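Chain and residue survey
One-letter residues, chain by chain:
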Amino acid sequence: MAVSPLPGTMPSAGANGSLKPRPLTMLTSNPAGSNSLVANTQSSNINTDISEQLNEEERRRYVKGKKLGEGTYAIVYHGHHRDNPSKLVAIKKIKVNAEFRDGLSFDAIREVKYLQELSHPNIIALHSVFSSKNQNLNLVLEYLPLGDLEGVIRDTKSVHYGLADIKAWMNMLARAVWFCHESFVLHRDIKPNNLLIAADGEVKLADFGLSRSFSDPYLNMTYNVITRWYRPPELFFKARHYSGVVDVWSMGCVFAELILRTPYLPGGSDMDQVTLICKALGTPTEQIWPGVEMLDGYKAYAAISSEAVNPPPPKQQLQGLFGTIGGQGIDLLLSMLALDPNKRATSKQVLQHEWWLTNPRPSKKEALPKKGGGLEKVGEDLKRRGGEIGDGDGRGEQVARKLNFG
Amino acid sequence: MSRLSLKNGAPKEISDEDQCPVCKSSRYLNRNMRFLVNPECYHKMCESCVDRLFSSGPRVCPVAGCNRTLRRQRFRPQTFEDIQIEREVDVRKRVAKVFNRREDEFDSLLDYNNYLNEVEDLTFNLIHKIDVDATEKKLKAYEEANKAAIRENEVLASQETQSLQAQEAAEKEHARLRREAALREAEEERRERAEGRLDVINQLARGEGNADEIARQGRRTLLKKSTARRVGTGDEMDTSDSAGTGLQFKGLRRRARPEPEKPFEPFGEVTVEHEYFVLKGHYAWDFLDTARTSQTYRAGGYDISEYCSRALTDAFAGLAVFVGEEQTAT
C-alpha cells in the first residue's frame, strides 16, 4: 500500500466496482492529450510527432465558435462537433497564466485530473482535452446553457419555486457530492454559482479547480479552500486533516440559501464569518465539539475567546427561518450544518435521510423553474476561477482568494 | 300602494315570490331582497334573515315544525324555482360524485348498465326518502371502499374538461386568425382594384394608344391577380382543414392509464460497489494509530475509514481491467 496521493500518481481512484471511468477511455485512446500536457512542462520526448498528430486529430473534431466570456484564468468559447453541428460543447481555453510561467496553473491540472475520472449525470462532463497553438490547454466541456443556481436564487422577481423544486435541486447536488466522495474526490468549492443548469433542467456540479483526492493520514491539506460563505468551521480553525464532510457543510449552506433566497452566512471577512457561524449555529465549545481547542486557529478568533458563548439555536428560531421545509427537512439541514465534523452527516447519510421520501415528491427536472441564461452566462460560469464569487453587483469583490499549496 | 299601482299601470299582487316567509318583509319594502335556501331543509328565507339569525353560529331553522340545525355557510341562492327539483339536483350531484365509474372500467355494456341501474335506485331512494338510513350507509361504505378509484376518476374528469377547454380556446383562436386573414385579404383586393383603376385612368389621361385596348388590358391584369390570389388561399385553406380534421378528435378518451410512479430514489439508481473487498471498521496497523488517536485529527473530522477505503480501492482497481479490451471498446 503506497503512501502516495501526490498529484502525479496514477488516477485510479475512480475505477472501483461498477464505476466506469468513461472519460479515461477517451483520453487513453488518445495519448496525445496527456502527452502534450506533459510536453508543456517537460522537455519533449521521442513521440512528439505522433502525439502532435493525435492532438491535431482531436482538435479537428471540434469547431471553436464565438467567444462567450473571458476571465483572469480562462477564455470560454462556444463550439460544436465538426461532424455534427447540433452537438454543442463549451471549450474552455486555459490562459497561460503569469503566476505559472513555466507550466500550467494548478486549477487546470486539478480540473482535468478529477473531471476525467467522474462520470455522473449531475457532474459536468469533460469530453476531451487538447492543446492548441502556443500550447494552450483546451478543455471540451458539456454545454450547459441555462445559467447557474445562483441566478435562479437571486432572481426573486421572475423566478418562483417551491419545496418540491428545492428538494429536486438539493437531491441532484447531493447525488453529485456523494458520487465525488465515493470516488474519493473532495470538491472543496461547492456554492450556487458552481451548480450549472443543463438545457433539460438537470443541475450539474462544475468547477473542479480546487478539488483533490482524499488524503493519506500524514499529509497536510490546505485549509484555505472553499469560498468563505460556504466554508466549514474546521477550515477556519486551520484543521490540516479533514474529510468529505467539508463539502457537506457547503451543501447545507446552499440548502439554506435555496430556502431563504439570500446567502445564509455572508461574512465580510474570515473573522466576521466565524462570528456569524457562532451566532447562527452556536459557539463551538469543547463540550459540543471535543478536541476543537486543540486546533491551531481556534484561539485566534475573538468571537470565541472574548464574546459570550452562544448556545445552539433554539428549535423555534430555526422553525421560523426554515419552517417551509418541514420538521424532517430542518433535521436534515441541521445534520449538514453540525459544527463538529464528526457529528456532521456524510454525503451518503444525507442521501439516506427520509426527507427525500416525504411529500412533496421532488419536481421532475423538466418542470423545474428556469431562467434564460444565454450564451454570455455560459462564459460567465466557466471562466471563473475556483474560490471566486461571480462578479455582477460586486457581491464578492472583497472575497480574495489565495491558495496555499502547503 | 294605490299610488304606486296607478303609476305602474296594472296593480301587482304581493305574491309568495316577493315576501320572506320568516320576517314577512316584502319586495316593496326591500327592493334588493334575495332569497336563500339551505340544502338541509330547503326552507327559503331572505338574506337579511339569514344574516340576522345565523351570524352568531348554527341555529334551528325558524320555520315552525322544522327542527333542523342550520349553518350560515351552507345557505345559497336557489337555482330552480321548484324546491323539489333543487333538492333532487343536489342529491344527484352528491351521488354522482361518489359513483363516478366510467364505461371503460366495465367488461361489458351490460355490466355498466347494471351499475347505472343500481346507482339510480340509490338516488331514487334518497330523493324520495325511502330507506334513507340504509341508503346513506351504503353510500358511505362504497365511498370508503373505493376512495382511490373515485379520486382517480375525478382527476381524469377534470383533465378531460381542461383539455376540452383548451381545445375550444385553440379553435376560437384559429377562427379569429382566419377572420383576420380574410379581412386583410379583402382590404388588399380593394386596394389593388383602386390602384389598377388609377393606372388605367392615368394611361388614358396620357392619351397613349387605344382607349378600349387599355381598359381591356387593365381588367385582364386585375382578373389575373385575383384568381392567383384565390388559388393561393384555396390551397392554404385545404391544408389547414385537413390538419383540423385529421389530427384532432373531439371527446377522444385516453384508455391507457399512466403507469404509477415509482417511489423516489434519492441515489438516482447509481450504485457504487466494492467488488473485491469489504471495508472493516478497524484495521490493526501501527501506521494508522497516531492518526487514529490524535486529538487534532479527530477535531478536524479526519476519517481513517475514508483513507482505508481509498487505499483498498487503489490496490484492486486494476483487477479485471484489460488494456486491450478497453482499446477495442472505443
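As the structure is a prediction and not an experimental result, all values here were calculated from the model. Residues take numbers from 1 onward in each chain, read along the sequence in its written order. Following the order in which they are written, the chains are lettered starting with A and the ligands numbered starting with 1. Since the coordinates come from a predicted model, pLDDT governs what is reported: local features require at least 70, and pairs of side-chain atoms require 80 or more to be given and counted, while whole-chain, interface and lining totals use all residues. Processing note: side-chain calculations cover all non-hydrogen atoms of the structure and skip hydrogens and water entirely.

Points about the overall build of chain A
Defined as follows: The secondary structure listing takes helices from DSSP runs of H or I that are at least 4 residues long and strands from runs of E that are at least 2 residues long, numbered from the N terminus. A 1.4 Å probe rolled over the protein chains alone gives each residue an accessible area, and that area as a share of the maximum for its type sets the label: buried under 20%, exposed over 50%, partly exposed in between. Pairs of residues are marked as contacts when any of their non-hydrogen atoms sit within 4.5 Å.
From N to C terminus, chain A includes 14 helices and nine strands. Burial statistics for chain A: of 406 residues in total, 59% are counted as buried. In chain A, 69% of the contacts between residues at least 6 apart in sequence involve partners at least 24 apart.

Looking at the overall build of chain B
Note the following rule: Using the Shrake-Rupley algorithm and a 1.4 Å probe, accessible areas are obtained, with residue cover drawn only from the displayed protein chains.
If you tally the helices and strands in chain B, you get 11 helices and five strands. In chain B, which comprises 330 residues, the proportion classed as buried is 23%. For chain B, contacts bridging at least 24 residues in sequence account for 53% of all contacts bridging at least 6. Accessible surface for chain B amounts to roughly 24400 Å². Of this, 53% is attributable to carbon and sulfur atoms.

Comments concerning the confidence of the model for chain B
Residues and elements named next belong to chain B. Let me state the cut-off plainly: Think of pLDDT as the predictor's per-residue confidence, scored from 0 to 100.
With 84% of its residues at a pLDDT of 70 or more, chain B has an overall mean of 79. For chain B, per-element mean pLDDT is lowest for helix 1 (residues 2-8), which scores 44, and highest for helix 6 (residues 147-206), which scores 90. Note that pLDDT drops below 50 for residues 1-12; the model gives that stretch four contacts with residues more than four away or on any other chain. Across residues 234-255 the pLDDT falls below 50, and counting only partners more than four positions away or on other chains, this stretch makes 15 contacts in the model. Taken together, the chains of this predicted complex give a pTM of 0.59 and an interface ipTM of 0.72.

Considerations on the packing of helix 8 (residues 245-260) of chain A against helix 12 (residues 326-336) of chain A
Residues and elements named next belong to chain A. Convention followed: Think of each axis as a best-fit line through the C-alpha atoms, taken over the contacting stretch in the case of a helix, with angles from 0 to 180 degrees between the N-to-C directions. Convention used here: angles under 35 degrees read as roughly parallel, angles over 145 as roughly antiparallel, angles from 65 to 115 as roughly perpendicular, and any remaining angle as oblique. For this scheme, ten residues count as nonpolar: Ala, Val, Leu, Ile, Met, Phe, Trp, Tyr, Cys and Pro. Four count as charged, namely Asp, Glu, Lys and Arg, and the remainder, Gly too, count as polar.
Two numbers describe how helix 8 lies on helix 12: the axes approach to 8 Å, and their chain directions differ by 140 degrees. It follows that helix 8 is oblique to helix 12 by the angle criterion. Contacts between helix 8 and helix 12 involve Val248, Trp249, Met251, Gly252, Phe255 and Ala256 from the first element and Gly329, Leu332, Leu333 and Met336 from the second. By residue class, the composition of the contact of helix 8 with helix 12 is eight nonpolar, two polar and no charged.

Observations concerning the pattern of salt bridges
Residues and elements named next belong to chain B. This is how the line gets drawn: Any carboxyl oxygen of Asp or Glu within 4 Å of a side-chain nitrogen of Lys or Arg constitutes a salt bridge here.
A complete count under the given rule lists 33 salt bridges over all chains for this structure. A salt bridge links Glu47 to Arg34; the nearest nitrogen and oxygen atoms lie 2.8 Å apart. On the criterion of sequence distance, the pair formed by Glu47 in helix 2 (residues 47-54) and Arg34 in the loop between helix 1 and strand 1 (35-37) is long-range, its members being 13 residues apart. Owing to a relative accessible area of 30%, Glu47 belongs among the partly exposed residues under this scheme.

Digging into the packing of aromatic side chains
Two aromatic rings, taken as a pair, are described by how far apart their centres are and by the angle between their planes. The condition that has to hold: Side-chain rings of Phe, Tyr and Trp, where Trp is taken by its six-membered ring, are said to pair if the distance between their centres is within 6.5 Å; with planes under 30 degrees apart they count as stacked, over 60 as edge-to-face, and otherwise as tilted. Ring-over charges, as used throughout, are those where CZ of Arg or NZ of Lys falls within 6 Å of the ring centre and within 35 degrees of the ring normal.
In total, this model carries 20 aromatic pairs over all chains according to the counting rule given. Centroid distance Phe277(B) to Phe316(B): 6.1 Å. Interplanar angle 20 degrees. Geometry classified as stacked. Within this pair, whereas Phe277(B) is found in the loop between helix 7 (211-247) and helix 8 (286-293), its partner Phe316(B) is found in helix 10 (residues 304-316), the two being separated by 39 residues in sequence. Under the relative-accessibility criterion, Phe277(B) is labelled buried at 12%. One aromatic cluster is present, built from ring pairs that chain together Tyr218(A), Trp285(B), Phe287(B), Tyr297(B), Tyr302(B) and Tyr307(B). Its end group placed over the ring of Tyr77(A), Lys64(A) keeps NZ or CZ at 4.6 Å from the ring centre. Positioned over the ring face of Phe35(B) is Lys44(B), at 4.5 Å from the centre of the ring.

Focus: the interface of chain B and chain A
Threshold: Two parts lose some accessible area (1.4 Å probe) when they are put together, and adding that loss for both gives the buried area.
Contact residues are listed per partner, giving 39 residues for chain B and 48 residues for chain A. In total, chain B and chain A occlude about 4000 Å² of area from one another, counting both sides; carbon and sulfur atoms represent 60% of this. Per-residue buried area on chain B facing chain A is highest for Phe264(B), Phe267(B) and Arg310(B); these three make up 19% of the total on that side. On inspection of chain B and its partner chain A, the count reaches one salt bridge. Here Arg298(B) makes a salt bridge to Asp340(A), at a shortest N to O gap of 3.9 Å.

Details of the sheet that holds strand 1 (residues 62-70) of chain A
All names here are of chain A. What counts here: Pairing between strands requires that DSSP locate at least two bridges from one strand to the other.
Taking strand neighbours across the sheet as the criterion, the five strands line up as 1-2-3-5-4 in an open arrangement whose pairing is antiparallel. On the outer flanks of this sheet lie strand 1 and strand 4 (126-132), each paired with one strand and no other. This sheet shows a mean twist of 30 degrees between the axes of neighbouring strands, independent of strand direction.

Points about the environment of Asn30(B)
Residue and element names in this part refer to chain B. Note that Asn30 resides in the loop between helix 1 and strand 1. The class of Asn30 is partly exposed, set by a relative accessible area of 30%. Residues Asn30 and Asp18, spaced 12 residues apart in sequence, show a C-alpha to C-alpha distance of 9.6 Å.

Remarks on helix 2 of chain B
Given 3.6 residues to a turn, an α-helix orients residues that are three or four positions apart in the same direction. What counts, and what does not: Working definition: the arc comes from the directions between the helix axis and the C-beta atoms, pointing outward to the latter.
Buried residues of helix 2 of chain B: Cys49(B), Val50(B), Leu53(B) and Phe54(B), and no others. In an axial view of helix 2 of chain B, the angular spread of the buried residues amounts to 100 degrees, which keeps them on one side of the axis.

So, the UniProt feature "active site" (unreviewed entry) in chain A
Residues and elements named next belong to chain A. Put simply, the rule reads: UniProt positions are given in the numbering used here, feature names are shortened, and annotations may be inferred rather than shown by experiment.
With numbering matched to this structure, UniProt assigns "active site" (unreviewed entry) to Asp189. Along the chain, Asp189 turns up in the loop between strand 6 (185-186) and strand 7 (195-197). The class of Asp189 is buried, set by a relative accessible area of 0%.

As for the sheet that holds strand 2 (residues 45-46) of chain B
All names here are of chain B. Reading across from one edge, 2-1-5 is the order of the three strands in this open sheet, with antiparallel pairing throughout. Each end of this open sheet is capped by a strand with a single partner; those strands are strand 2 and strand 5 (76-77). The pairing of strand 1 with strand 2 spans two bridges and is antiparallel. Note on strand 2: the bridge partner recorded for Phe35 is Cys46.

Overview of the pairing of strand 4 of chain A
Residues and elements named next belong to chain A. Burial of strand 4 is extensive: six of the seven residues sit out of reach of the surface. Here strand 4 pairs with strand 5 (residues 136-142) via six bridges, running antiparallel. Each bridged residue has a counterpart across the sheet, and for Leu126 the counterpart in strand 5 is Leu141. Taking the residues that link successive antiparallel strands as the turn, the strand 4-strand 5 hairpin has three residues, and the phi of Asn134 there is positive, at about 65 degrees.

Section: unusual backbone geometry
Generally, phi is negative for residues other than glycine and the peptide bonds are trans, each holding for most cases. The residue after Asn359(A), namely Pro360(A), is reached through a cis peptide bond having omega -10 degrees. By secondary structure assignment, the location of Pro360(A) is in the loop between helix 13 (347-352) and helix 14 (374-383). The backbone phi angle of Asp131(B) is positive, close to 50 degrees, even though this residue is not glycine. Within the secondary structure, Asp131(B) sits in the loop between helix 4 (109-127) and helix 5 (132-145). Of the residues examined, Asp131(B) reaches a relative accessible area of 54% and is grouped as exposed.

Some points on the confidence of the model for chain A
Fine structural detail should not be taken from predicted coordinates in areas where pLDDT scores are low. Residues and elements named next belong to chain A. For chain A, per-residue confidence averages 79 on the pLDDT scale, and 76% of positions sit at 70 or higher. The model gives residues 1-43 a pLDDT under 50, and that stretch makes 81 contacts with residues more than four places away or in other chains. Below pLDDT 50 for its whole length, residues 390-402 participates in 25 contacts with residues either more than four positions away or in separate chains.

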